[in-house]
2 protein chains.
Amino acid sequence: MHIGFIGLGQMGIAMAHNLLKNDHSLAVHNRTRDKAEPLIRAGATWASSPAEAAYEADVVFTMVSDDAALRDVTMGELGLLNGLSEEAVHVSCSTISPDTARQLAQEHQHRNSRYVASPVFGKPEVAQAGKLWVCVSGETTAKEDVRPFLNLIGQGIFDFGDDPGAANVVKLSGNFLLGCAIEAMAEAFTLGEKNNISRTSLYEFFSTTLFASPVYKNYGKLIADEVYQPVGATPALIRKDMRLLLDEAQKALVPMPFADIVFQQLTATVAKGKTDIDWAGFAGEVSEKAGVVRPKS
Amino acid sequence: MHIGFIGLGQMGIAMAHNLLKNDHSLAVHNRTRDKAEPLIRAGATWASSPAEAAYEADVVFTMVSDDAALRDVTMGELGLLNGLSEEAVHVSCSTISPDTARQLAQEHQHRNSRYVASPVFGKPEVAQAGKLWVCVSGETTAKEDVRPFLNLIGQGIFDFGDDPGAANVVKLSGNFLLGCAIEAMAEAFTLGEKNNISRTSLYEFFSTTLFASPVYKNYGKLIADEVYQPVGATPALIRKDMRLLLDEAQKALVPMPFADIVFQQLTATVAKGKTDIDWAGFAGEVSEKAGVVRPKS
């Protein structure tokens, strides 16, 4: 089968590499070409536009940073809708607003192509290992048709029904739950630290007992050590997601006090220019507000 | 060895039963005697006061509901300090303030007996199975001496050092992290529900992937189903813990915005007279504020 892939950030590159398995052919496009070089060396071909990446593809993946970028690569002059065959499927993996997903699904319907919302969970190293968790929603047969491709990038696929916006509500909710775990651990570890209990001992206890899960283990270690490298996603990127979540909460009339706090912490982090750290670094706001001073490394 | 046990609530009864193993002899005391009957049938003897329960014991356990009750059973006229031999150890499992733990440790020191802070994590059924997580702090040799007994009630023992208050800081932090997980899931599930995504499908996804841990699995199910039975601990009991946590945060100068929110949710739950539900039922505040109306069952 022939696959198009648009958007070669850390996540996109890793996912595209896994799609090259099983003898699929792959055409890749990115705003800047240099990111594509490793994929081209591995057998992919370069497409000079989203439309070209979509040309004659059975499936075209998109993994871009926000709603505006996705609208552009989909509906722009050289967007994928101008290259995609009828019946082909657009697998949309970006974290975007549910309404944008619904609109794009309609655009596809008008042109007899298909749209599957497929946001994913996992850091870049998880993407490299082909172990993402994939949430899908949209039209049933389209979801079935792309399942073999999703199996190449993920370890599990969860179906949230027909509404193309649903999987994005789930993705935003997941980033929200992550943010809550980060804030909660930051508060608990800082209280411990000020009571002469090491952050590490709290981390080790909770992440191996009550909260023995990937999130508490991985993010908990960053928060215990207060080392927010490598950068999985930046504070600015996830702040965008929290804003989208709060938009949904506003529309649906759901008071979400925890979401407000996580958003404010991310806002302060971005405002202070802390842009080159993992987004879990907003935990630093908690220790900073508690007057904890770290030696400069 | 001879063991005393004071405080036979749901947790205490289960723990005391496990201490009867290994041919230890056990003297039990509770404010009301009827709770002790199953233990007496299993071989324990009745003690008519905390002092009597402590008499000639190598180790005396306490598991009572709050600081006042623990002060009373320890330092009251018929308190355990008036029965305990020199060198014997008081294993204090209640969730209390770190300062009370420190004061009681000093009282023991004055009388040449010893105090080990040993708060535990786990619901009553976990206590029955002898699978609690036990946090200890206090004097080193005392901790070593009681380890064989703690192994009968727990699946793991975590040592937080010499400060008798430290293990209680950890316990309060753990209940705080639990409360945060409950609030976060309640907000996420309610947002999902209002977007026509079932609470159960969100629960199943998150509790088997990113958040695959005992807390998200067990509490998440209660929140997804909105059935807050059986009662592990009541909202009023855990509200007391959150108040103790906020006291510590105040003293240590740690802003804890998540703790404020969890405390307010528990306060509303108690104020509305919802006293006969598990404390995770404060999640109902989230759906109620979002205007979700449930059919009366």
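Note that the structure is predicted; figures quoted are calculated from it, not measured.

Structural notes on the overall build of chain A
Reasoning step 1: A count of helices and strands for chain A gives 13 helices and nine strands.
Reasoning step 2: Here the C-alpha radius of gyration of chain A, 20 Å, is about what a compact globule of 297 residues would show, namely 19 Å.
Reasoning step 3: Counting every position in chain A, which comprises 297 residues, the buried fraction comes to 60%.
Reasoning step 4: Contacts in chain A between residues at least 24 apart in sequence constitute 67% of all its contacts with a sequence separation of at least 6.
Reasoning step 5: Just so you have it, chain A exposes about 11600 Å², and 51% of that area is on carbon and sulfur atoms.
Reasoning step 6: Treating the 27 positive side-chain charges of chain A as one cloud and the 35 negative ones as another, the clouds have centres 7 Å apart.

Points about the UniProt feature "domain: 3-hydroxyisobutyrate dehydrogenase-like NAD-binding" (unreviewed entry) in chain A
Reasoning step 1: As recorded in UniProt, the feature "domain: 3-hydroxyisobutyrate dehydrogenase-like NAD-binding" (unreviewed entry) lies at residues 165-278 of chain A.
Reasoning step 2: The distance from the first to the last C-alpha atom of residues 165-278 of chain A is 27 Å, and the span holds 74% helix and 0% strand.

Some thoughts on the UniProt feature "domain: 6-phosphogluconate dehydrogenase NADP-binding" (unreviewed entry) in chain A
Reasoning step 1: On the UniProt side, "domain: 6-phosphogluconate dehydrogenase NADP-binding" (unreviewed entry) is annotated at positions that read residues 3-158 of chain A here.
Reasoning step 2: End C-alpha to end C-alpha, residues 3-158 of chain A measures 22 Å, and it is 39% helix and 24% strand.

Some thoughts on the relation of the copies chain A and chain B
Reasoning step 1: At an RMSD of 0.0 Å, chain A and chain B line up after a rotation of 180° and a shift of 0.0 Å along the axis. On the angle and the small slide along the axis, the relation comes out as a two-fold axis. Every residue of chain A has its C-alpha some distance from the rotation axis, and the shortest such distance is that of A:Ser213, at 2.5 Å.
Reasoning step 2: Both copies contact each other with a shared surface, as 100% of the interface residues of chain A are interface residues in chain B too.

Things to note about the pattern of salt bridges
All names here are of chain A.
Reasoning step 1: Following the criterion strictly, the structure yields 33 salt bridges over all chains and no others.
Reasoning step 2: Residue Glu-248 is joined to Lys-251 by a salt bridge in which the shortest nitrogen-to-oxygen separation is 3.1 Å. Note that Glu-248 and Lys-251 are positioned in helix H11 (residues 235-252) at a spacing of three residues, about one turn of the helix.
Reasoning step 3: In this structure Glu-248 comes out as buried when scored by relative accessible area, which is 5%.
Reasoning step 4: Accessibility expressed as a relative area gives 46% for Lys-251, which makes it partly exposed.
Reasoning step 5: Residues Glu-285 and Lys-272 are paired through a salt bridge, measuring 2.9 Å at the closest nitrogen-oxygen approach. On the criterion of sequence distance, the pair formed by Glu-285 in helix H13 (residues 284-289) and Lys-272 in the loop between helix H12 (257-271) and H13 is long-range, its members being 13 residues apart.

Here's the deal with the nonpolar core
Reasoning step 1: By size, the foremost hydrophobic cluster in this structure holds 152 residues, and its most contacted members are A:Phe176, A:Phe211, A:Trp279, B:Phe176, B:Phe211 and B:Trp279.
Reasoning step 2: Once residues within four sequence positions are removed from consideration, A:Phe176 is found in contact with A:Met242, A:Leu245, A:Met256, A:Phe258, A:Ala259, B:Ala184, B:Glu187 and B:Ala188.

Details of the domain arrangement of chain A
Residues and elements named next belong to chain A.
Reasoning step 1: Domain annotation for chain A reports domain 1 (2-162) and domain 2 (168-289).
Reasoning step 2: Distance from the C-alpha centre of domain 1 to the C-alpha centre of domain 2: 28 Å.
Reasoning step 3: Taken residue by residue, the interface counts 19 residues in domain 1 and 18 residues in domain 2.
Reasoning step 4: Summing the contributions of domain 1 and of domain 2, the shared interface buries around 1500 Å²; its carbon and sulfur component is 62%.
Reasoning step 5: Ranking the residues of domain 1 by area buried against domain 2 places Thr-95, Phe-121 and Lys-123 at the top, with a combined share of 38%.
Reasoning step 6: Taken together, domain 1 and domain 2 are joined by one salt bridge.
Reasoning step 7: At the junction of domain 1 and domain 2, the tally comes to seven residue pairs in polar contact (both at pLDDT 80 or more).

What about the pairing of strand E6 (residues 114-117) of chain B?
Residue and element names in this part refer to chain B.
Reasoning step 1: Across the two faces of E6 the burial is the same, with Arg-114 and Val-116 and Tyr-115 and Ala-117 all buried.
Reasoning step 2: Pairing of strand E5 (residues 89-92) with E6 involves four bridges; the strand directions are parallel. Paired with Val-91 across the bridge in E6 is Val-116.
Reasoning step 3: For the segment spanning E5, helix H5 (residues 98-110) and E6, crossover handedness is right-handed.
Reasoning step 4: Relative to strand E8 (residues 132-138), E6 runs antiparallel, the two being bridged by two bridges.

A word on the environment of B:Phe5
Residue and element names in this part refer to chain B.
Reasoning step 1: Inspection of the secondary structure puts Phe-5 in strand E1 (residues 2-6).
Reasoning step 2: For the pair Phe-5 and Arg-31, spaced 26 residues apart in sequence, the C-alpha separation works out to 12 Å.
Reasoning step 3: Excluding anything up to four places from it in sequence, Phe-5 contacts Gly-12, Met-15, Ala-16, Leu-19, Leu-26, Ala-27, Val-28, His-29, Val-60, Phe-61 and Met-63.

Things to note about unusual backbone geometry
Reasoning step 1: Backbone torsion omega between A:Gln229 and A:Pro230 reads -5°, so that peptide bond is classified as cis.
Reasoning step 2: In this structure, A:Asn112 takes a positive phi of about 65° despite not being glycine.
Reasoning step 3: Topologically, A:Asn112 is positioned in the loop between helix H5 (98-110) and strand E6 (114-117).
Reasoning step 4: The exposure class assigned to A:Asn112 is partly exposed, which follows from its relative accessible area of 40%.
Reasoning step 5: With a phi angle near 55°, B:Leu253 is a residue other than glycine that sits in the positive phi range.
Reasoning step 6: One can find B:Leu253 in the loop between helix H11 (235-252) and helix H12 (257-271).
Reasoning step 7: Residue classification places B:Leu253 among the exposed residues on the basis of a relative accessible area of 63%.

Observations regarding the interface of chain A and chain B
Reasoning step 1: Facing the 55 residues of chain A at the interface are 55 residues of chain B.
Reasoning step 2: In this assembly, chain A packs against chain B so that about 4800 Å² is buried in total across both faces, 80% of it on carbon and sulfur atoms.
Reasoning step 3: There are nine residue pairs in polar contact (both at pLDDT 80 or more) connecting chain A and chain B.
Reasoning step 4: For the side of chain A that touches chain B, the elements supplying multiple residues, two or more each, are strand E8 (132-138), helix H8 (166-194), helix H9 (199-208), helix H10 (214-225), H11 and H12 of chain A.
Reasoning step 5: Ranked by the residues each element gives to the side of chain A that touches chain B, the list is headed by H8(A), at 19 residues.

Looking at a negative patch on the surface
All names here are of chain A.
Reasoning step 1: Among the surface-exposed residues, Glu-86, Glu-87, Glu-139 and Asp-162 lie close enough to one another that they form a single negatively charged patch.
Reasoning step 2: The residue Glu-139 is located in the loop between E8 and helix H7 (140-153) in this model.
Reasoning step 3: For Glu-139, a relative accessible area of 39% translates into the label partly exposed.

A look at the packing of H11(A) against H12(A)
Residue and element names in this part refer to chain A.
Reasoning step 1: Between H11 and H12, the shortest axis-to-axis distance is 9 Å and the interhelical angle comes to 150°. By the angle class used here, H11 and H12 are roughly antiparallel. Crossing of H11 over H12 shows left-handed handedness. Of H12, the residues touching H11 (which contributes Pro-235, Ala-236, Ile-238, Arg-239, Met-242, Arg-243, Leu-245 and Leu-246) are Ala-259, Asp-260, Val-262, Phe-263, Leu-266, Thr-267, Thr-269 and Val-270.
Reasoning step 2: Broken down by class, the residue content of the contact of H11 with H12 amounts to eleven nonpolar, two polar and three charged.

Parameters at a glance
Throughout, a residue's number is its position along its own chain's written sequence, starting from 1. Each chain gets a letter, beginning with A, and each ligand a number, beginning with 1, in the order they are written. Local features in a predicted model are, by the rule used here, given only for residues with pLDDT of at least 70; side-chain atom pairs are given and counted only at 80 or more, and totals for whole chains, interfaces and linings are based on all residues. With hydrogens and water set aside, each side-chain value is computed from the structure's full complement of heavy atoms. Helix and strand definitions here come from DSSP, where helices need a minimum of 4 consecutive H or I residues and strands a minimum of 2 consecutive E residues; each element is numbered from the N-terminal end. Throughout, radius of gyration means the C-alpha value; the globule benchmark is 2.2 Å times the number of residues raised to the power 0.38. Burial classes follow relative accessibility: with a 1.4 Å probe on protein chains only, a residue under 20% of its type's maximum area counts as buried, one over 50% as exposed, and anything between as partly exposed. The contact criterion used throughout is that any non-hydrogen atoms of two residues lie within 4.5 Å. Method for areas: the Shrake-Rupley scheme with a 1.4 Å probe, in which residue coverage is limited to the protein chains shown. When charges are counted, neither His nor the chain ends are considered; positive counts come from Lys and Arg and negative counts from Asp and Glu. Charge coordinates come from a single atom per side chain, which is NZ of Lys, CZ of Arg, CG of Asp or CD of Glu. UniProt positions are given in the numbering used here, feature names are shortened, and annotations may be inferred rather than shown by experiment. When the copies are overlaid, the least-squares fit takes in C-alpha atoms only where the residue has pLDDT of at least 70 in both copies. What makes a salt bridge here is a side-chain nitrogen of Lys or Arg within 4 Å of a carboxyl oxygen of Asp or Glu, nothing more. By nonpolar core is meant a set of buried Ala, Val, Leu, Ile, Met, Phe, Trp, Tyr and Cys residues that side-chain atoms within 4.5 Å join together. Just so you know, the domain bounds were taken from an automatic or database domain assignment. The term buried area denotes the loss of accessible surface (1.4 Å probe radius) that occurs when two parts are joined, taken as the sum for both partners. Side-chain atoms alone can form a polar contact between residues adjacent in sequence; in general such a contact is a pair of N or O atoms within 3.5 Å, and within protein one must be able to donate a hydrogen while the other accepts it. Two strands are counted as paired when DSSP detects at least two bridges linking them. Orient the strands so they point away from the viewer; a crossover is then right-handed if the path from the first strand over the helix to the second runs clockwise. Only residues whose relative accessible area exceeds 30% and that form no salt bridge enter a patch; like-charged residues are grouped when within 9 Å of one another, and nonpolar side chains (Val, Leu, Ile, Met, Phe, Trp, Tyr) when within 5 Å. Only C-alpha atoms enter the line fits that serve as axes; for helices the fit covers just the stretch in contact. Angles between N-to-C directions range over 0 to 180 degrees. Every angle not falling under 35 degrees, over 145, or within 65 to 115 is termed oblique; those three ranges are roughly parallel, roughly antiparallel and roughly perpendicular. Put simply, a crossing is left-handed when the front helix is turned counterclockwise from the back one by less than a right angle, and right-handed when it is turned clockwise. Under the scheme applied, nonpolar residues are Ala, Val, Leu, Ile, Met, Phe, Trp, Tyr, Cys and Pro; charged residues are Asp, Glu, Lys and Arg; polar residues are all the others, including Gly.

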